[in-house]
Amino acid sequence: MTKVFPDGFLWGGAIAANQAEGAYNEDGRGLVQTDVTTGGTVDSPRYTTFIDKDGKPGKVGGMGHTAKIPEGAKFAVLDDYYYPNHKAVDFYHRYKEDIKLFAEMGYSVFRLSISWARIFPNGYDEKPNQAGLDFYRSVFEECRKYNIEPLVSIWHFDTPLTLEQELGCWANRKLVDYYVRYCQVIFEEYKDLVKYWLTFNEINNTIMFLDMFGEVPQEAYQEAYQTLHHQFLASAKAIKIGRQINPNFQFGNMICGITFYPGTCDPADVLLNEHKWQQNIFYCSDVQAKGRYGSYAKRLWDEHGVVLDIEDGDLEALREGTIDIYTFSYYMTNNVTTHDSDDLVAGNFSAGVRNPYLTYSDWGWALDPTGLQYFLEKIYDRYELPMMVVENGLGAFDTVEEDGSIHDDYRIDYHRQHIKAMAQAIANGVDLIAYTTWGCIDIVSAGTGEMRKRYGFIYVDMDDQGQGTLERRPKDSFYWYQKVLASNEQSALEE
Ligand code: P53
């Protein structure tokens, strides 16, 4: 039988701290944005909650640093709301059980993130929090017990809330040094347990989603581009220090790999599409992979009236901290056009003109395995770096049958198609070295805060109101993935 993937290919799954761990206020952990963010749905937003300067509770639509709370207000956990990330799926207490299940599936890699606020509760504390360091040490040791390679995201949208409240988040240059110090501590601490590090999860979201759903004020562009400049610097400086701590470390970027297509063959659409790739994908990738801003960067800054504050030594720092591996998430493609259309995609974090050749998930995300092959081939051609697909999955409603089984053939079909697309890209010359499916165990959705938007091959008994036993249960996809990983043969994909 033909082997589909090279020997040593890393197979596994991925989660993020704030969506899985829960235990939001245990063992000295500081707060992060999702702790003050309520749950939403596909068509109702998540809210960020606060107490205003007169002591009155309030909420504002949105999350992350884009949710602007009023002057003088403080982020706050309020009594009358449910915050799904507080408990999440309790990975913090159940990681041994979960990693055992991952090992049963045959994982050779497990992607997870370290919560900065478990290590430095306020981001800038004098000393790291020992309980936080101990927790991740035991998680990594547990992985090693099963020969599972940890693939560690250092930041997964979870800047300590104190830094956001007091310093206004990443537009403030001080965060660069705080982040680098945090990296230095975890690199030293885990240098013998972790080899693969990803500096910033979906770093490009800051500009990609900024104006995807409508116009935003000029200051928002200024803040977004300055934020990115600081994150590029933080990433590059951390990589340089990491290599001094352990020369065997391998560093990856992490790009939200939404694949853009021209909506029509009108040359204006083709050009618009190219510009979208520059803004949404290449802007970040070029800096992190090539160590310099692309030739089109000035056009983007000028278009949005952005004056970037670049200090002496910054450009050199960017050159000195480029990545070893290009990693990305892949969920959907998006059609862009200069023409008016009333056939638009309406989903969360999904936009553009409907693609008549594709079907869409219940959350409005275009299902397009060929888009994954396209992204892999296009990016490999540009950078010629080893690549990892570090997120890919289908958020879907699952039904638990009377006997407890979950027949998620739609999810199996989704992954089968995407794995075949990866095999095709490899056959066409792409150096793809890993695949970690997203939300390998059901976790809280980042976009909507829902539990019922499930990605896992392992079901977790927990609903959107926080009710459930948290019991883990393999879905049909669990056994299917186990078979694919065991044989690594084309036949397993055909079944
Ligand atoms: P959820 C939007 C579009 C594509 C990927 O997303 C995105 C987002 C933000 O929601 O984020 C990544 O949970 C992210 C994960 C997230 C996953 O995609 O909204 O790295 O944290 O859970 C899936 O369905």
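Look a little higher up for the structure.
Sequence order as written defines residue numbering, which begins from 1 separately in each chain. A pLDDT threshold of at least 70 governs which residues receive local features in this predicted model, and a stricter bar of 80 or more applies before side-chain atom pairs are shown or counted, although totals over entire chains, interfaces and linings include all residues. The basis for every side-chain value is the complete set of non-hydrogen atoms in the structure, without hydrogens or water.

**Points about the overall build of the chain**
In step 1: A run of DSSP states H or I qualifies as a helix once it reaches four residues; a run of E qualifies as a strand once it reaches two. Both are numbered from the N-terminal end. Looking only at helices and strands, one finds 16 helices and 18 strands in the chain.
In step 2: Relative to the globule expectation of 23 Å for 495 residues, the C-alpha radius of gyration of the chain, 21 Å, shows essentially globular dimensions.
In step 3: For the chain, the spread of C-alpha atoms along the three principal axes comes to 60 × 55 × 50 Å.
In step 4: Accessibility here uses a 1.4 Å probe with only protein chains present; expressed as a share of the type maximum, an area under 20% marks a residue as buried, one over 50% as exposed, and anything in between as partly exposed. Looking at the chain as a whole, 59% of its 495 residues are labelled buried.
In step 5: Long-range pairs, those at least 24 residues apart, make up 73% of the contacts in the chain between residues at least 6 apart in sequence.
In step 6: Calculation of accessible area relied on Shrake-Rupley with a 1.4 Å probe; when residues are assessed, cover is drawn exclusively from the protein chains displayed. Accessible surface for the chain amounts to roughly 19,500 Å². Of this, 49% is attributable to carbon and sulfur atoms.
In step 7: None of His or the chain ends enter the tally, which takes Lys and Arg as positive and Asp and Glu as negative. For the purpose of locating charges, the reference atoms are NZ of Lys, CZ of Arg, CG of Asp and CD of Glu. Side-chain charges in the chain split into 45 positive and 73 negative, and the spacing between the mean points of these groups amounts to 4 Å. All radius of gyration figures rest on C-alpha atoms, and the globule criterion is 2.2 Å times the number of residues raised to 0.38. Residues count as neighbours in contact if any of their non-hydrogen atoms are within 4.5 Å of one another.

**Side note on the packing of helix α10 (residues 267–290) against helix α13 (residues 369–383)**
In step 1: It is at 12 Å that the axes of α10 and α13 come closest, and there the two elements cross at 50 degrees. Viewed along their axes, α10 and α13 adopt a mutual orientation that is oblique. Considering the relative orientation of α10 and α13, their crossing is right-handed. Counted together, E274, W277, I281, F282, S285, D286, A289 and K290 of α10 and Y374, F375, K378, I379, R382 and Y383 of α13 form the full contact between these two elements.
In step 2: Classification convention: Asp, Glu, Lys, Arg as charged; Ala, Val, Leu, Ile, Met, Phe, Trp, Tyr, Cys, Pro as nonpolar; all other residues, Gly among them, as polar. Its residues assigned to classes, the contact of α10 with α13 comprises eight nonpolar, one polar and five charged. The axes are straight lines fitted to the C-alpha atoms, using for helices just the contacting stretch, and the angles between their N-to-C directions are given from 0 to 180°. Here roughly perpendicular refers to angles of 65 to 115 degrees, roughly parallel to angles under 35, roughly antiparallel to angles over 145, and oblique to all remaining angles. Left-handed is the label given to a crossing in which the near helix is rotated counterclockwise from the far helix by less than a right angle, and right-handed is the label when the rotation is clockwise.

**Topic: the packing of aromatic side chains**
In step 1: Only Phe, Tyr and Trp rings take part, Trp by its six-membered ring, and two of them pair if their centres are within 6.5 Å. Stacked means planes under 30 degrees apart, edge-to-face means over 60, and tilted covers everything else. Scanning the model with the defined rule gives 49 aromatic pairs in all.
In step 2: Residues F102 and Y107 carry aromatic rings whose centres are separated by 5.1 Å and whose planes lie at 5 degrees to one another, so their mutual orientation is stacked. The two residues F102 and Y107 agree in class, both being buried.
In step 3: We call a charge positioned over a ring when the NZ of a Lys or the CZ of an Arg lies within 6 Å of the ring centre and within 35 degrees of the ring normal. Over the ring of Y47 we find K59; its NZ or CZ atom is 4.1 Å from the centre of that ring.

**Side note on the sheet that holds strand β16 (residues 432–438)**
In step 1: Note: two strands are recorded as paired if DSSP finds a minimum of 2 bridges between them. Taken together, nine strands build an open sheet; the order of strands is β8-β7-β6-β5-β1-β16-β15-β11-β9 and the sheet is parallel. The open sheet has two free edges, formed respectively by β8 (250–252) and β9 (255–256), since each of these has just one partner strand.
In step 2: On the sheet, helix α5 (residues 130–145) packs against β5 (109–113) and β6 (149–153) and is oriented at approximately 145 degrees with respect to β6.
In step 3: Each of β9, β11 (326–330), β15 (387–392) and β16 touches α13; the most contacted strand, β11, lies at about 160 degrees to it.

**Regarding the side chain of E164**
In step 1: Topologically, E164 is positioned in helix α6 (residues 161–167).
In step 2: K68 provides the closest opposite charge to the buried, salt-bridge-free E164, at an N-O distance of 7.5 Å.
In step 3: At a separation of 3.0 Å, a polar atom in the side chain of E164 contacts the side chain of Q33. Every case where a carboxyl oxygen of Asp or Glu lies within 4 Å of a side-chain nitrogen of Lys or Arg is listed as a salt bridge. Polar contact criterion, stated in full: a pair of N or O atoms within 3.5 Å, where within protein one must be able to donate a hydrogen and the other to accept it, and residues adjacent in sequence count only if both atoms are side-chain atoms.

**A look at the pattern of salt bridges**
In step 1: Counted by the stated rule, this structure contains 28 salt bridges.
In step 2: R144 is the partner of E149 in a salt bridge, and the nearest nitrogen-oxygen pair spans 3.1 Å.
In step 3: R144 sits in the partly exposed class, given a relative accessible area of 29%.
In step 4: Its salt-bridge partner being E188, residue K191 comes within 3.6 Å of it at the nearest N-O pair.
In step 5: In this structure E188 comes out as partly exposed when scored by relative accessible area, which is 39%.
In step 6: Connected through salt bridges with shared partners, the residues D398, D408, R411, D442, R454 and K475 form a single ionic network.

**Some remarks on the nonpolar core**
In step 1: To form a nonpolar core, buried Ala, Val, Leu, Ile, Met, Phe, Trp, Tyr and Cys residues must be joined to one another through side-chain atoms within 4.5 Å. Ranked by internal contacts, the top residues of the largest apolar core, which has 142 residues, are Y179, Y190, W197 and Y283.
In step 2: Residue contributions to this core peak at twelve residues, all from helix α9 (residues 218–245).
In step 3: Beyond its immediate chain neighbours, meaning those up to four positions away, W197 contacts I114, V152, I154, I186, F187, Y190, F249, Q250, F251 and G252.
In step 4: Counting ten residues, the second-largest nonpolar core is a separate cluster that includes L10, Y196, I325 and A434.

**Some points on the site of the ligand**
In step 1: Around the ligand, the surrounding shell holds 18 residues, and the nearest of these are Q19, A446, G447, K453 and Y455.
In step 2: Between an oxygen atom of the ligand and a side-chain N or O atom of N201, the distance comes to 2.9 Å.
In step 3: Contact distances for the ligand include 2.5 Å between an oxygen atom and a side-chain N or O atom of Y455.
In step 4: When the ligand sits alone it has 470 Å² of accessible area, and the protein chains cover 99% of it.
In step 5: A breakdown of the residues in the shell around the ligand according to their chemical character gives ten nonpolar, five polar and three charged. One heavy atom suffices: a residue is near a molecule or strand as soon as one of its heavy atoms comes within 4 Å of it.

**Some details on the sheet that holds strand β3 (residues 57–61)**
In step 1: Strands sit in the order β3-β2-β4 across an open sheet of three strands; the sheet is antiparallel. Of all the strands in the sheet, just β3 and β4 (74–75) have a single pairing partner and so form its edges.
In step 2: Bridging between strand β2 (residues 47–51) and β3 involves five bridges; their strand directions are antiparallel. Each bridged residue has a counterpart across the sheet, and for T48 the counterpart in β3 is V60.

**Focus on the state of the cysteines**
In step 1: When the sulfur atoms of two cysteines come within 2.5 Å, that pair is taken as a disulfide. The final tally for this structure, using the stated rule, is zero disulfides.
In step 2: C440 carries a free sulfur, and the closest cysteine sulfur to it, the one in C143, is 10 Å from it.

**Remarks on the pairing of strand β12 (residues 333–336)**
In step 1: The side-chain alternation of β12 yields two buried faces, one formed by T333 and N335 and the other by N334 and V336.
In step 2: Both strand β10 (residues 259–262) and β12 contribute to a ladder of four bridges, which runs parallel. Its bridge partner lying in β12, T259 is registered against T333.

**Side note on α5**
In step 1: Helix length check: α5 (16 residues) gives 22 Å between terminal C-alpha atoms against 22 Å at 1.5 Å per residue, within 8%.
In step 2: Among the residues of α5, G132, L133, F135, Y136, V139, F140, E142 and C143 are the ones counted as buried.
In step 3: Residues of α5 that are buried in the fold lie against α1 (17–20), α3 (91–105), β5, α4 (116–119), β6 and α7 (174–189).
In step 4: Two residues or fewer after α5 comes N147, characterised by a positive phi angle close to 60 degrees. What a helix should span is 1.5 Å times the count of its residues minus one.

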